[in-house]
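Examining the three-dimensional arrangement
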Amino acid sequence: NKRTVLLENIKRFDDKQQFEMILALCRLDEFRDKERTLDIQTKLIERYRAYAPNPSELLDISIITETKHLLDDYPEIKKHYESALIKYQAQIFERNLVDDMRFSFEQLLKDILSNDRPLEKQQDGLCKYLQANGIAESLISMYNKLREYYCNYQNIHAKHNDLIKKQELEFIIELTSIMMKLIIRVSG
């Protein structure tokens, strides 16, 4: 059958070429939006991360590199952060990418603030934490407004819809990185 023939043909290539071919097939219009295709892409990225292009080639390298380094003490959070970067570079999962960014940011706040509140309900604890660490009131207000708008964007464009525009992804990744960097730096 066709599936067996395809499998036998793909086996003739090295692992990196197989990764690229399967990813290219998943991006074809006829397969792109199918649930099974998303599942295949997820497994492909998880199992063969080494073959995914480096996300820092497209994003601000210093922001991404420093944030990844700062997340070394938070391996579970870093895993989700890096997953979003890989998805961005592979140009897949726009909604899942945004979810991974939000999840990593939310988990970092929960960890540092020692609570289990969702991102939308972190304002009080976050204000106290930043004040206790000498951050200026105007910066605290700005940070909380950004966090609030970030949550609104997430809820409107990712959580309840799939309205993510590719040109917005870079901004979301870099903004998440900047907000996470401040929280980690203040704690250190």
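Since the model is a prediction, treat every value here as computed from it, not as a measurement.

**Structural notes on the confidence of the model for the protein**
- The pLDDT averaged across the protein works out to 84; a share of 89% of its residues lies at or above 70.
- Within the protein, the lowest mean pLDDT, 75, falls on helix α4 (residues 35-47), and the highest, 94, falls on helix α8 (residues 123-132).

**Comments concerning the nonpolar core**
- Among the nonpolar cores identified, the biggest contains 39 residues, and Leu108, Leu130 and Ile183 are the most heavily contacted of them.
- Elements supplying a minimum of two residues to this core: α5 (61-70), α6 (75-90), α7 (94-113), α8, α9 (137-159) and α10 (166-187).
- In terms of residues, this core owes the most to one element, α10, which gives 9 residues.
- Apart from residues lying up to four places away in sequence, Ile183 is in contact with Leu108, Leu109, Ile112, Leu126, Tyr129, Leu130 and Tyr143.

**Section: unusual backbone geometry**
- Within the chain, Ser114 stands out as a residue other than glycine whose phi angle is a positive 50 degrees.
- Position of Ser114 among the secondary structure elements: in the loop between α7 and α8.

**Quick notes on the packing of aromatic side chains**
- This structure, assessed with the given rule, holds 2 aromatic pairs.
- With centroids separated by 6.3 Å and ring planes inclined at 45 degrees, the aromatic side chains of Phe19 and Tyr51 adopt a geometry described as tilted. Of this pair, Phe19 sits in helix α2 (residues 15-26) while Tyr51 sits in the loop between α4 and α5, and the two are 32 residues apart along the sequence.
- The exposure class of Phe19 is buried, given its relative accessible area of 3%.
- Pairing Phe105 with Tyr150 gives two aromatic rings, centres 5.6 Å apart and planes at 85 degrees, and the pair type is edge-to-face. You can see Phe105 sitting in helix α7 and its partner Tyr150 sitting in helix α9, a full 45 residues away along the chain.

**A closer look at the environment of Thr67**
- Inspection of the secondary structure assignment puts Thr67 in helix α5.
- According to the relative accessible area criterion, Thr67 is buried, its value standing at 0%.
- Thr67 sits 11 residues away from Lys78 along the chain, and the two C-alpha atoms are 9.0 Å apart.
- Excluding anything up to four places from it in sequence, Thr67 contacts Tyr81, Ser177, Met180 and Lys181.
- A distance of 2.7 Å separates a polar atom in the side chain of Thr67 from the backbone oxygen of Ile63.

Thresholds applied
- Residues numbered from 1 in each chain as written.
- Predicted model: local features only at pLDDT ≥ 70, side-chain atom pairs only at ≥ 80, totals over all residues.
- Heavy atoms only, no water.
- pLDDT = per-residue confidence, 0-100.
- Helix = DSSP H or I, 4+ residues; strand = E, 2+ residues; numbered from the N terminus.
- Core = buried A, V, L, I, M, F, W, Y, C linked by side-chain atoms within 4.5 Å.
- Buried < 20%, exposed > 50% of the residue type's maximum accessible area, 1.4 Å probe, protein only.
- Contact = heavy atoms within 4.5 Å.
- Phe/Tyr/Trp six-rings, centres within 6.5 Å; stacked < 30°, edge-to-face > 60°.
- Polar contact = N/O pair within 3.5 Å; in protein donor to acceptor, adjacent residues only side chain to side chain.

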